[in-house]
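Single-letter residue listing:
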Amino acid sequence: MTINTLLPIFIWVPIIGFLVSLILPKNNEKLIAGAAFTTMSLQLFAAMIYVADWILTGANTFQVKEIILFQNEDYIFQIDFLFDKITAVYLLVGALLTFMVTLYSRTYLHREAGYKRFFNTTLFFYLGYSITTLSGNLETLFVGWEILGISSFLLISFYRERYLPVKNAVKVFSIYRIGDVGLILAMWASHHLWGQNITFFQLNNAELVHEHLLQHSFIGVFISSMILLSAAAKSAQLPFSSWLPRAMEGPTPSSAIFYGSLSVHIGAFLLLRTFPFWEYQSSVRILIIALGLLTAIITTGIARVQSSVKSQIAYASIAQIGLIFIEIALGFESLALFHFAGNAFLRTYQLLVSPSVVSYLIREQFYSFEPRAKTIEDSFPKRLQHSIYVLCLKEWNLDTMLYEYFWNPLKWAGNKLNFINGRRLMLFFIPVFALGIYTMKQTHLLPENLQEATPVVFASFGLILVFKSFTQRHSVRLAWILVIMNHCWIALAISFNEKFDQMENVLYLSGIFVAGIVGYLTLQRLFRMEGKITLNRFQGLSETHPKIALVFLLACLGLTGFPITPAFIGEDLIFSHIHEDQFALAAIVSLSFILDGLAVIRIYARVFMGPNSKTHAEFSNRYF
């Protein structure tokens, strides 16, 4: 047995630990904490031995091809692992920090109502982290990437009976969803560039990369830009920096391990892993340096005026990650890895001791007060000082800009579709869809220009429906059905776009229909038990119906293409049939995937999370 064949053990240990933790009784804290502690102890011990042996045997980069999940003549979806210096550092830092936080949380969360839920989600998060850092291609990385996203949502909304944690969890998930689609578009363009699903190991072949980019420079820049978009969203770089302080609504241990140290550095990992691809694209490197520098400058100022210790640490961490982005773009890989490890350990320590530090500083403020020392800002003109202070205090209006230029236009567009109701859906969209299926078999009867426009038109119909679902405030079931129909329209649009085996559509829609039916039946049962439920406010029904909430959450994940149904592979397959020059179609499908994820998570959050509608007063209706 070689060192290569042992690599999957770092996936199987957290999987087994997570599955064991699910079946443990929720009232036995000792057993729950023991299972998590044992899992992370084994992972840390194995990682230390493995990395030491890897170094002693030459520290060579190697690839492990594990499982082919789907394959046809033009496409292959393969689980692939890679181990090199980057993987070794991320593996060791992740295992050690998660081990320490697990140990810390055993007593910190004692008698907390969600004790078992916290450790379950922590192990699930670490599973996603392990898959991401060990991934050998974009497809495998995307599996871990999705797990990180949903586990972050669950941890931020850990105190799910409160309004603000749930609201912020939805906000963070919305930013993550933008990163998800950036990664999907990068995979789509990469498939057309290489004619195959390229692995990270192959990217180390400089001649191969140079040869392809020489002939397709534009698509190369597009792929790099999408990778940067995903990295910026995941690592809270501008213009997405405001989500990280909002992610601190969860318990302090989860804030420390995920948003202070591990999750927030995954964007930097993506840039490190894909560096051989964009290494010789000067425009991309300059853009990364500019983004990192601007983020570091702005967030440093914001961190200095925050009144919350968690927000101070969050923005300080974002500033350091901006510098890490600069180091990666300049080619200083080892320095970036060292910087990552140092920042991760520092932020974890700061967050874990923050309650004690705050208590100590309050005491010192009363008994040992010292005037503020002079800084370089004191030499600035007063007007400039005050302007910078106010801008930093308002966090440079980052949240406002996202609302103004992204979310509000989407809401405005959705609100213009209020004419869509169940009756009109039956009278127009369903007959047109049936006509589309019939026409698909008679495409030779359509004029050539119409054949080219049909995929965009049908995909736009799906986008219209998911827009309506995203802004639906009354009927929960209508919002759910609209998301399902969006997937159907996308499948129909791609079927018109290119001739391919329709079993691929069956693969894609099978996961959608199963999840859709399960979710609809769950809602029906909930309606029979609770009466009419709307999306006007949070209902908070997870405490009274925990089993129904769990089943509906799984249905939501299936409907958004989470890697628990064939729809996950199907979404990637759908993009493989969009041609490299069809940017309009790719943009429409991408926006549909962003909105369907947000619409579904919003439905779950509004129905099952937040203050219980029967025991709490009205809360704000502002939503995503």
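Quick notes on the rules
- Residues numbered from 1 in each chain as written.
- Predicted model: local features only at pLDDT ≥ 70, side-chain atom pairs only at ≥ 80, totals over all residues.
- Heavy atoms only, no water.
- Helix = DSSP H or I, 4+ residues; strand = E, 2+ residues; numbered from the N terminus.
- Rg over C-alpha atoms; globule rule 2.2 N^0.38 Å.
- Buried < 20%, exposed > 50% of the residue type's maximum accessible area, 1.4 Å probe, protein only.
- Contact = heavy atoms within 4.5 Å.
- Core = buried A, V, L, I, M, F, W, Y, C linked by side-chain atoms within 4.5 Å.
- pLDDT = per-residue confidence, 0-100.
- Axes fitted to C-alpha atoms, helices over the stretch in contact; angles between N-to-C directions.
- Parallel < 35°, antiparallel > 145°, perpendicular 65-115°, else oblique.
- Left-handed = near helix turned anticlockwise from the far one by under 90°.
- Nonpolar A, V, L, I, M, F, W, Y, C, P; charged D, E, K, R; others polar.
- Pairing = 2+ DSSP bridges.
- Expected span 1.5 Å × (residues − 1).
- Salt bridge = Lys/Arg side-chain N within 4 Å of Asp/Glu carboxyl O.
- Phe/Tyr/Trp six-rings, centres within 6.5 Å; stacked < 30°, edge-to-face > 60°.
- Lys NZ or Arg CZ within 6 Å of the ring centre and 35° of its normal.

**Re the overall build of the chain**
Scanning the chain for helices and strands turns up 24 helices and two strands. The C-alpha radius of gyration of the chain comes to 25 Å, within 12% of the 25 Å expected for a compact globule of 624 residues. Taking the principal axes of its C-alpha atoms as reference, the chain extends roughly 85 × 65 × 60 Å. Out of the 624 residues belonging to the chain, those deemed buried represent 58%. Sequence separation of at least 24 residues holds for 80% of the intrachain contacts in the chain that already meet a minimum separation of 6.

**Re the nonpolar core**
Grouped together as the largest cluster of nonpolar side chains are 217 residues, with contacts concentrated most on Phe83, Trp243, Tyr259, Trp480 and Phe608. It is helix 6 (residues 163–194) that provides the largest number of residues to this core, a total of 19 residues. Residues contacting Phe608, with those up to four places away along its chain left out, are Leu526, Gly540, Leu541, Ser542, His545, Ile548, Ala549 and Phe552.

**Notes on the confidence of the model for the chain**
Taken residue by residue, the chain gives an average pLDDT of 86. The fraction at 70 or more is 94%. Confidence scores differ between elements of the chain, with helix 18 (residues 422–440) showing the lowest mean pLDDT of 73 and helix 12 (residues 266–278) the highest of 94. Here residues 619–624 is modelled with pLDDT under 50, and outside its nearest four sequence neighbours on either side it reaches 26 contacts, counting other chains as well.

**Digging into the packing of helix 9 (residues 217–234) against helix 12**
Axis separation between helix 9 and helix 12 bottoms out at 8 Å; the angle between their running directions is 165°. The orientation of helix 9 with respect to helix 12, classified from their angle, is roughly antiparallel. Judged by the sense of rotation from one axis to the other, the crossing of helix 9 with helix 12 is left-handed. Residues Gly220, Ile223, Ser224, Ile227, Ser230, Ala231 and Lys234 of helix 9 touch helix 12, and the partners they reach there are Ile266, Gly267, Leu270, Leu271, Thr274, Phe277 and Trp278. Of the residues assigned to the contact of helix 9 with helix 12, the class counts are eight nonpolar, five polar and one charged.

**Focus on helix 11 (residues 252–262)**
Burial analysis of helix 11 places 11 of its 11 residues in the buried class, which makes it a mostly covered element. Turning to helix 11, its buried residues are Thr252, Pro253, Ser254, Ser255, Ala256, Ile257, Phe258, Tyr259, Gly260, Ser261 and Leu262.

**Things to note about the pairing of strand 1 (residues 62–71)**
Pairing analysis gives eight bridges linking strand 1 to strand 2 (residues 76–83), with the strands arranged antiparallel. Bridging from a neighbouring strand, Ile67 pairs with Ile79 of strand 2. In this antiparallel pair of consecutive strands, strand 1 and strand 2, the connection spans four residues.

**Here's the deal with the packing of helix 22 (residues 546–559) against helix 24 (residues 583–608)**
Contact pair helix 22 / helix 24: the axes reach a minimum separation of 9 Å and the direction vectors enclose 170°. Between helix 22 and helix 24, the angle is such that the two are roughly antiparallel. In this structure, helix 22 contributes Ile548, Ala549, Phe552, Leu553, Cys556 and Leu559 to the contact, and helix 24 contributes Asp596, Val600, Ile603, Tyr604 and Phe608. Class assignment for the residues of the contact of helix 22 with helix 24 results in 10 nonpolar, no polar and one charged.

**Re helix 16 (residues 382–393)**
The terminal C-alpha atoms of helix 16, which comprises 12 residues, lie 16 Å apart, in line with the 16 Å expected from a rise of 1.5 Å per residue. The positive-phi residue at the C-terminal boundary of helix 16 is Glu395, with phi of around 55°.

**Remarks on unusual backbone geometry**
Cis geometry is found at the peptide bond from Leu238 to Pro239, where omega equals 5°. Turning to its location among the elements, Pro239 is positioned in the loop between helix 9 and helix 10 (243–246). A positive phi is found at Trp396, a non-glycine position, where the angle reads about 55°. Following the sequence through the fold, Trp396 ends up in the loop between helix 16 and helix 17 (398–415).

**Looking at the pattern of salt bridges**
Considering all chains together, one arrives at 10 salt bridges under this definition. For the salt bridge of Glu333 with Lys85, the shortest nitrogen-to-oxygen distance reads 3.4 Å. Of this pair, Glu333 sits in helix 15 (residues 333–367) while Lys85 sits in helix 3 (residues 85–108); the two residues are 248 residues apart in sequence, bridging distant segments of the chain. Here Lys85 falls in the partly exposed class, since its relative accessible area comes to 36%. Glu395 is the salt-bridge partner of Arg246, the closest N and O atoms lying 2.9 Å from each other. With Arg246 in helix 10 and Glu395 in the loop between helix 16 and helix 17, the pair connects residues that are 149 residues apart, well separated along the chain. Owing to a relative accessible area of 12%, Glu395 belongs among the buried residues under this scheme. Beyond isolated ion pairs, a larger network of salt bridges with shared partners links Glu146, Arg177, Asp180 and Asp596.

**Description of the environment of Glu279**
Position of Glu279 among the secondary structure elements: in the loop between helix 12 and helix 13 (282–304). Taking C-alpha positions, Glu279 is 9.6 Å from Ala206, a pair spaced 73 residues apart along the chain.

**Thoughts on the packing of aromatic side chains**
All chains considered together, the criterion is met by 35 aromatic pairs. Between Tyr90 and Phe340, the ring centres sit 4.0 Å apart and the planes meet at 10°, which makes this aromatic pair stacked. Residue Tyr90 is located in helix 3, and its partner Phe340 is located in helix 15; the two are separated by 250 residues in the primary sequence. This pair shows no difference in class: Tyr90 is buried, exactly as Phe340 is. Each member of the aromatic cluster is reached from another via a ring pair, and the members are Phe10, Tyr50, Trp54, Phe62 and Phe83. Over the aromatic face of Trp145 sits the side chain of Lys234, whose NZ or CZ is 4.6 Å from the ring centroid.

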